[in-house]
Amino acid sequence: MSAIRHALNTKRDDDFAAWYQEVIAAADMAEESGVRGCMIIKPWGYGIWERMQRLLDDRIKAAGVQNAYFPLFIPLKNFEREAEHVDGFAKEMAVVTHHRLIADGEGGLIPDPEAKLEEPLVVRPTSETIIGDAMSRWIQSWRDLPLRLNQWANVVRWEMRTRMFLRTSEFLWQEGHSAHATAEEAQEETMMALEMYRAFAEEDVALPVIAGEKPENERFPGAVETWSIEAMMQDGKALQAGTSHYLGTNFAHAANIKYQNDAGRETLAHTVSWGVSTRMVGGLIMVHGDDDGLRVPPALAPFQVVILPMLRDKPEDESLLAYCEALRAAISGQSALGEPVRVLLDKRPGKAAAKRWDWVRKGAPVIIEVGGRDMENGVVSLLRRDSLWNTETGKPAFQNPDRDLCAQTIPTILADMQNGLLVEARERREANIRRDVSDMDTLAEHFSREAKYPGWVEVQWARPTGEALEKVVERLKELRLTLRNVPMHAPPADGPCIFTGEPAVERVFVARAY
RNA sequence: CGGGGAGUGGCGCAGCCUGGUAGCGCAUCUGUUUUGGGAACAGAGGGUCGCAGGUUCGAAUCCUGUCUCCCCGACCA
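So, here's what we can say about the structure.

Procedures and definitions
Residues numbered from 1 in each chain as written. Chains lettered and ligands numbered in written order. Predicted model: local features only at pLDDT ≥ 70, side-chain atom pairs only at ≥ 80, totals over all residues. Heavy atoms only, no water. Salt bridge = Lys/Arg side-chain N within 4 Å of Asp/Glu carboxyl O. Helix = DSSP H or I, 4+ residues; strand = E, 2+ residues; numbered from the N terminus. Buried < 20%, exposed > 50% of the residue type's maximum accessible area, 1.4 Å probe, protein only. Lys, Arg positive; Asp, Glu negative; His and termini not counted. Contact = heavy atoms within 4.5 Å. Pairing = 2+ DSSP bridges. Phe/Tyr/Trp six-rings, centres within 6.5 Å; stacked < 30°, edge-to-face > 60°. Lys NZ or Arg CZ within 6 Å of the ring centre and 35° of its normal. Axes fitted to C-alpha atoms, helices over the stretch in contact; angles between N-to-C directions.

1. A short note on the pattern of salt bridges
Per the counting criterion, the structure on display carries 37 salt bridges. Between glutamate 339 and arginine 51 there is a salt bridge, with its nearest N and O atoms 2.6 Å apart. Of this pair, glutamate 339 sits in strand E19 (residues 339–340) while arginine 51 sits in helix H2 (residues 43–62), and the two are 288 residues apart along the sequence. Across the pair, arginine 51 and glutamate 339 agree in class, each one buried. A salt bridge links aspartate 290 to arginine 385; the nearest nitrogen and oxygen atoms lie 2.8 Å apart. Placement of aspartate 290 in the loop between helix H8 (279–288) and strand E17 (305–309) and of arginine 385 in the loop between strand E22 (381–384) and strand E23 (389–390) is noted, with a sequence separation of 95 residues between them. Note on accessibility: aspartate 290 and arginine 385 belong to one class, buried. Here the salt bridges do not stand alone but share partners, grouping Asp290, Arg295, Arg385, Glu424 and Arg428 into one network.

2. What to know about the side chain of aspartate 235
Here aspartate 235 shows up in the loop between strand E12 (225–232) and strand E13 (238–246). For the buried residue aspartate 235, which engages in no salt bridge, the nearest side chain bearing the opposite charge is lysine 237, 4.6 Å off. Every residue in contact with aspartate 235, bar those within four places of it in the chain, is listed here: Phe16, Tyr453 and Tyr514.

3. Some thoughts on the pairing of E22
By the alternation rule, side chains of E22 split into Ser381 and Leu383 and Leu382 and Arg384, which are all buried. Across four bridges, strand E21 (residues 366–370) lies against E22 in antiparallel orientation. In the sheet register, isoleucine 368 faces E22, and the bridge partner there is leucine 382.

4. Topic: the packing of aromatic side chains
Summed over all chains, the structure comprises 13 aromatic pairs. Geometrically, the ring pair formed by phenylalanine 16 and tryptophan 19 is tilted, given 5.0 Å between the ring centres and 35 degrees between the ring planes. With phenylalanine 16 and tryptophan 19 both in helix H1 (residues 16–26) and three residues apart, this pair spans about one turn of that helix. Tryptophan 19 carries the same exposure label as phenylalanine 16, and that label is buried. Ring plane angle 75 degrees and centroid distance 5.9 Å describe the contact between tryptophan 49 and tryptophan 152, whose orientation is recorded as edge-to-face. Taken together, the residues span a long stretch of sequence, with tryptophan 49 in helix H2 and tryptophan 152 in strand E9 (residues 147–156) at a distance of 103 residues. In this structure tryptophan 49 comes out as buried when scored by relative accessible area, which is 2%. Look at tryptophan 152 and you get buried, because its relative accessible area is 19%. Put simply, the rings of Phe16, Trp19 and Tyr453 pair up and form one aromatic cluster. Cation over ring: lysine 237 sits above tyrosine 514, and NZ or CZ is 4.6 Å from the ring centre.

5. Let's talk about the sheet that holds strand E10 (residues 170–180)
In spatial order, the strands read E3-E9-E10-E16-E13-E12-E11-E28; together these eight strands make up an open sheet with mixed pairing. Two strands bound the open sheet, and with one partner strand each, they are strand E3 (66–67) and strand E28 (486–487). Both strand E11 (residues 210–213) and E12 contribute to a ladder of four bridges, which runs antiparallel. Paired with glycine 212 across the strands is serine 228, a residue of E12. Relative to strand E16 (residues 270–277), helix H6 (residues 183–204) is tilted by about 10 degrees, and along the sheet it contacts E9, E10, E11, E12, E13 and E16. Sheet strands touched by H8: E12, E13 and E16. Its angle to E13, the strand with the most contacts, is close to 145 degrees.

Any link to function would need more than the numbers given here.
See the structure below:
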């Protein structure tokens with residue numbers, strides 16, 4: 001086996017955090033903005049997010065939920081109505097207090113003391129309170145229910161520690177909000193959103209996830225139940241990739257969302273909220289990236305196929321471009337994963353080999369290079385991003401299909417790659433889950449051993465609540481561990497609780513987390 | 001917010017201790033020669049050293065403040 005010269009400088013195994021940042025830079029996805037915790041999302045990164053938006057929005061609409069838009073600014077008093085919600089968010093709010101600037105006399109600008117707002121405005125950290133306001137006006141009768149809305153928006157949370165895509169001060173997301181006549185209907189909606197996220201993550205992002213309920217201490221502030229999808233990153237840490245909350249009547253009570261039922265009696269509605277954010281892009285990087293950069297699942301790739309003509313700055317270039325253009329047209333006429341294939345003929349000046357590595361780092365699924373000899377033989381040189389290297393030679397593993405047949409094989413390659421990434425990630429996750437740990441010493445030993453990436457442990461527990469749960473959380477904290485979720489599809493408990501020794505009632509995942 | 005590290009051409013860094021108005025590698029541009037594959041040689045362009053004060057004849061270098069980034073922790077849908 002020859003030494004492979006990888007496209008990145010940092011290997012995942014050497015320094016996962018540094019590798020993650022290098023992928024973002026090398027794939028030209030985003031960069032720092034100079035504003036604390038805020039990033040500039042560049043075209044390739046934003047293109048991936050746009051694909052996520054498109055595919056998730058299709059699912060949202062198919063579920064019968066309608067899009068709307070609510071204001072960025074929320075009156076401070078809205079947050080005072082729901083006690084737990086305030087506690088959860090008060091420490092991380094950006095607040096607007098003035099509406100005008102004046103010169104400070106030294107060449108600078110300061111907020112005009114004369115222009116102080118009567119009531120400060122909060123930049124939304126989430127929109128339950130302002131959407132609740134609207135719902136209280138829009139809902140009068142049982143006939144107005146259910147009311148099911150979604151908005152695509154940016155939100156701001158003043159986090160202490162930020163990381164690109166995973167936790168930024170400002171981030172992009174969708175937030176679904178609904179109001180229902182009964183608890184049962186609201187809970188059904190909560191599970192509908194959760195299942196929609198599971199399908200989106202697995203089918204579109206090729207991100208295997210565990211859907212389940214968050215323990216009480218991890219609930220959304222003000223929620224009765226919080227459900228999540230959890231994904232395992234390549235360093236074994238967990239990433240909460242989407243959440244769905246059953247809010248009971250807590251927010252309805254705070255915002256006065258009431259309706260007259262069919263018996264004419266005034267009744268509180270039950271509300272639900274659910275969200276997925278640009279954090280999913282970070283998850284995609286940490287699950288599918290490799291030592292050569294990003295690998296974008298075909299369903300999310302802004303370009304699924306990139307054609308690189310080997311231009312020589314000579315008259316022959318013209319016929320080579322025509323040959324490539326015919327290939328581009330043939331491929332764009334194909335359909336893959338239910339949509340027309342997105343193909344780019346990259347005619348920028350520059351050496352094909354240099355451009356190839358750019359596209360490898362960006363993670364374009366299929367790269368096709370075409371040179372003069374290819375043209376003479378009626379073939380192309382095709383490189384799959386999911387099997388980049390010939391490990392015998394240490395060189396890129398080019399295939400040389402016939403040009404005219406090549407286009408027809410693209411849909412199969414893309415579908416195969418989409419599925420392959422999911423399977424690979426799922427196998428890696430399963431290989432890194434332990435289910436045989438039944439005492440705290442073993443748990444501590446497992447997470448303190450030499451192995452760099454200890455993965456997750458599924459334990460059995462008696463679902464303690466209140467102070468008993470707090471104790472458990474404290475003990476886990478000492479090991480830098482968190483409770484992730486209680487998986488929905490797991491065998492019933494059949495042993496003692498790892499924390500208390502009482503008979504266990506269910507299983508719960510324990511892991512380090514982002 | 002606590003501890004640690006760092007901000008110098010697009011990127012990665014040296015210079016700072018022992019003040020005298022910047023240097024290296026990669027990238028970029030031009031030319032030549034090459035080229036079935038991440039080219040070679042030659043030349044050139046590009047930075048008031050994060051920002052604001054201060055000390056000084058003189059500050060990337062010393063002092064103070066501040067902003068931003070990275071790592072660890074606390075915090076955290």
